[in-house]
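Close look at the chain arrangement
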Amino acid sequence: MRLTNINKTYATGELSLKILQDVSLKVLEGEFVTIMGASGSGKTTLLNILGCLDRPSSGNYFFRGQAVESLSDKELSLLRKRDIGFVFQSFNLLPRLSARRNVELPLIYQEIPESRRKEIAMQMLDRVGLGKKTERLPGELSGGEQQRVAIARALASQPALLLADEPTGNLDTKTGTEIMDILRELHQSGITIIMVTHSPEMSTHADRTIIIRDGQIVEGSG
Amino acid sequence: MLPRDIIGTAWQSLGVHRLRTGLSILGIVIGIASFSIMYSVGESAQQKTNQAIQELGADVIQVSPQRTKLSDKKEPATRGETLSLRDIDGIKGFCPAVLDVSPEISDSSDFYRHGKKEMLNVTGILPAYEEMFKLQDARGRTISELDLESGHQVCLLGDMVATRIFGNKDPLGEQLAIKGYLFKVIGIIKDTGLGMVNVKNDILIPLPLAQRLFQSNEIRTLYVRARDTNSAMAELERYFQLRYGDANRFEIRSQKLLLQTQEKNIKIFEYILWTIGSISLLVGGIGIMNIMLVSVTERVREIGIRRALGATKTEIKLQFLCESILLCLVGAIGGTILGFLGARLISYLFRFPPVFSVKLLLIALVIASVLGIVCGTYPAARAANQDPTVVLRYE
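The paragraphs below set out a description of the structure included in this document.

The rules behind these values
- Residues numbered from 1 in each chain as written.
- Chains lettered and ligands numbered in written order.
- Predicted model: local features only at pLDDT ≥ 70, side-chain atom pairs only at ≥ 80, totals over all residues.
- Helix = DSSP H or I, 4+ residues; strand = E, 2+ residues; numbered from the N terminus.
- Rg over C-alpha atoms; globule rule 2.2 N^0.38 Å.
- Buried ≥ 20, exposed ≤ 12 C-beta atoms within 10 Å, placed from the backbone.
- Contact = placed C-beta atoms within 7 Å.
- Pairing = 2+ DSSP bridges.
- Nonpolar A, V, L, I, M, F, W, Y, C, P; charged D, E, K, R; others polar.
- Axes fitted to C-alpha atoms, helices over the stretch in contact; angles between N-to-C directions.
- Parallel < 35°, antiparallel > 145°, perpendicular 65-115°, else oblique.
- Left-handed = near helix turned anticlockwise from the far one by under 90°.
- Expected span 1.5 Å × (residues − 1).
- Arc of directions from axis to C-beta.
- Core = buried A, V, L, I, M, F, W, Y, C linked by C-beta atoms within 7 Å.

Observations regarding the overall build of chain A
Summing up its helical and strand segments, chain A has seven helices and 10 strands in all. Its C-alpha atoms give chain A a radius of gyration of 17 Å, within 12% of the compact-globule value 17 Å for 222 residues. Its C-alpha atoms put chain A at 50 × 40 × 35 Å along the principal axes. Per-residue burial over chain A gives 49% buried out of 222 residues. Partitioning the contacts of chain A with sequence separation of at least 6, the portion at a separation of at least 24 is 69%.

Details of the overall build of chain B
Helix and strand counts for chain B come out as 14 helices and 10 strands. For a compact globule of 395 residues, the expected C-alpha radius of gyration is about 21 Å, and chain B comes in at 33 Å, more than 25% above that figure. Over its C-alpha atoms, taken along the principal directions, chain B stretches across nearly 105 × 50 × 35 Å. Across the 395 residues that make up chain B, the buried fraction comes to 40%. If you take every contact in chain B between residues at least 6 apart in sequence, the share linking residues at least 24 apart comes to 81%.

What about the pairing of strand β9 (residues 221-226) of chain B?
Residues and elements named next belong to chain B. Among the six residues of β9, five are classified as buried, and the element is accordingly described as predominantly covered. Note that strand β1 (residues 59-65) and β9 share five bridges and pair antiparallel. Bridging across to β9, Asp 59 finds its partner in Ala 226. With six bridges connecting them, strand β2 (residues 98-113) and β9 associate as antiparallel partners. In the strand pairing of β9, Ser 102 is matched with Tyr 223.

Considerations on the interface of chain A and chain B
Every contact between the two is made by 21 residues of chain A and, on the other side, 18 residues of chain B. Within the residue set of the side of chain A that touches chain B, elements represented by two or more residues are α2 (73-83) and α3 (99-109) of chain A. With five residues, α2 of chain A is the largest single contributor of residues to the side of chain A that touches chain B. Across the side of chain A that touches chain B, the residue classes tally to eight nonpolar, six polar and seven charged.

Quick look at the sheet that holds strand β6 (residues 84-87) of chain A
Residues and elements named next belong to chain A. A sheet is described by the order of its strands in space; here six strands give the open sequence β6-β7-β8-β3-β9-β10, paired in mixed fashion. Where the open sheet ends on each side, the last strands, each with one partner, are β6 and β10 (216-219). Within this sheet the neighbouring strands show an average axis-to-axis angle of 25°, counted without direction. Where strand β3 (residues 32-36) meets strand β8 (residues 192-197), five bridges bridge the pair, whose relative direction is parallel. Counted as the bridge partner of Phe 32 is Ile 193 from β8.

A word on unusual backbone geometry
Residues and elements named next belong to chain A. Look at Asp 22: it is not a glycine, yet its phi comes out positive at around 45°. Under the C-beta neighbour-count criterion, Asp 22 is labelled partly exposed, with 14 such atoms within 10 Å. If you check the backbone angles, Asp 214 has positive phi at about 50° while not being a glycine. Locating Asp 214 in the fold gives a position in the loop between β9 (208-213) and β10. Using a count of 14 C-beta atoms within 10 Å as the deciding quantity, one classes Asp 214 as partly exposed.

Some thoughts on the environment of Lys 359 of chain B
Here Lys 359 of chain B lies in helix α13 (residues 358-384). Remark: the alpha-carbon pair of Lys 359 of chain B and Ser 324 of chain B, spanning 35 residues in sequence, is separated by 23 Å.

Re the packing of helix α4 (residues 86-94) of chain B against helix α9 (residues 229-244) of chain B
All names here are of chain B. At a closest axis distance of 10 Å, the pairing of α4 and α9 adopts a crossing angle of 125°. By the angle between their axes, α4 is oblique relative to α9. When you trace α4 past α9, the crossing you get is right-handed. On α9, the residues touching Gly 90, Ile 91 and Phe 94 of α4 are Glu 235, Leu 236, Tyr 239 and Arg 243. Here the residues of the contact of α4 with α9 sort into four nonpolar, one polar and two charged.

Considering α9 of chain B
Residues and elements named next belong to chain B. Under the 1.5 Å per step criterion, the end-to-end length of α9 is 22 Å for 16 residues, consistent within 8% with the ideal 22 Å. Those residues of α9 that sit buried are Ala 232, Met 233, Leu 236, Tyr 239 and Phe 240. Taken down its axis, α9 places every buried residue within 120° of arc, on the same side. Buried-residue contacts for α9 involve β1, α4, β2, β9 and β10 (250-254). Gly 245 sits one or two residues past α9 and shows a positive phi near 80°.

Regarding the nonpolar core
In a soluble, globular protein the nonpolar side chains are often hidden away together inside. One finds Ile 35, Ala 152, Leu 162, Leu 163, Ile 193 and Ile 194 of chain A together with Ile 28 of chain B to be the most contacted residues of the largest nonpolar core, which totals 113 residues. Beyond its immediate sequence surroundings of up to four residues, Ile 28 of chain B is in contact with Leu 281, Gly 284, Cys 328, Gly 331, Ala 332, Gly 335, Ala 368 and Leu 371 of chain B. Among the nonpolar cores identified, the runner-up in size contains 52 residues, and Cys 95, Val 101, Ile 189 and Ala 226 of chain B belong to it.

With respect to the packing of helix α1 (residues 3-14) of chain B against helix α12 (residues 313-350) of chain B
Residues and elements named next belong to chain B. Packing of α1 against α12 leaves a shortest axis separation of 9 Å and a crossing angle of 60°. Taken together, the axes of α1 and α12 are oblique relative to one another. Like other packed secondary-structure pairs, α1 and α12 cross with a definite hand, here right-handed. Residue-level contacts link Ile 6, Ile 7, Thr 9, Ala 10, Trp 11, Ser 13 and Leu 14 of α1 to Leu 318, Gln 319, Cys 322, Glu 323, Leu 326 and Leu 327 of α12. Here the residues of the contact of α1 with α12 are counted per class, giving nine nonpolar, three polar and one charged.

Put into structure tokens, the structure is as follows:
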């Protein structure tokens, strides 16, 4: 994964806000990278760009050798559902769907038939230790359990890259550590992980830490 | 995304706010119900009219002296101003558009059944009457020229009267006393539903006997079978003008025109329902659009999550469009059911046979789908164009 001279500008009225300035970054397959920085420093925007949810205003982004900026919405969606898994700070589960159905969501968009979907979802939930709570609604699960469901969901499509935006931000230290353990395990099984955090403690798990300040990378661009 | 999953997802989302969903489709329900009722009643009336006109063959025109108003009392009606048997030949000779003329004399007569007195209508007719109102397929036989010539004391009974007088007993061949004279029942007749005459409650006897029985030569009504309605009516008017000096003393009504007037009244009713239906659908459509826009705003987060998990803009759009169409379809089905009940009620009240068809349901579903697409497109496009990053930033 290679980013060169990425700029991201938001136009709000007459002011244009430069979120990212000349960000260049390289992440190798199998790496565990954390992005650290104060809030508002642009780390989430960078993560969105990495996750093909957002497009840079200028600059080039190659994802596994593919120039992302030239892809259509459909191709970006394909990339997201096939190669990228997301884990958010606030879990972002759909509250009306059971844990299993939440995990099935990305598979729905891959047009995988229902029986196979269910099978994969059960497997993934089992992997994060929720094999017995598959039919619970998110509201019936604790924060840590919800985040596990979210991780299972991110893993369902067997992505090469897992993007995590402060995955432990809404959790207490103990459950946070448990989640980190799961992420580390995943990393060991070969998945590339890029995690945004502002706690230096969490970044100790990573191979490398990128520090971002006012939209510029100040350390660890690789 | 598989079509099955699109529909399933949409259906699931609709189930979340059941009350809201139910209220939002009320407009569609009422609109489609109005259309269903309109269609059913209109179709039924149309069928009835067509059937009547077809059964009638040539048109029948009814001629009767107008009832003298109270204010005209000063001028007593002279004998010449009522119709007489001579008018039959007169009309036949004068009016080329007239095929046949059939007079009718009627009066009521007392009958006793289980010791209770009952008044029943007795009508004197000629065989032309039977032909004119298609009474040939009676059970038994009808009154013939021979009966007239030989003065046979025979009668035909309407099916209702027959059961009233004879109960479960077969009346054919039985004797019936009318004004003290015995008449033999030779046939049972049924109403043909042609509107102008109502034979099911009638006792028909040969005209000459009726004249003697009622001691009257006064003809109450003449029925005229016309080759062509308009020219026959014009000729009749001219005949009465020449014969009696005033055509306005006679009421000349065409059965076809009567049916058409009836049809026109139903048309007015249809227009009212059509207007209600269109307005309801319009308002209903706006309601659907509104609820869909609310739904999009409420679900920005869901949209963002789905996008992050790999949904394309098109898939999001389809999902919302599908919800809108489903809403309208549910409304259409509800409306059809309501319409069905409404039409049943109306047909019960106005004695119409209710008409329903798969066609009606299909039309309702097509209308609903189109409405769903029209009202869902804009909200769906808005949903699809939500920026997923903005959406996910709401922590």
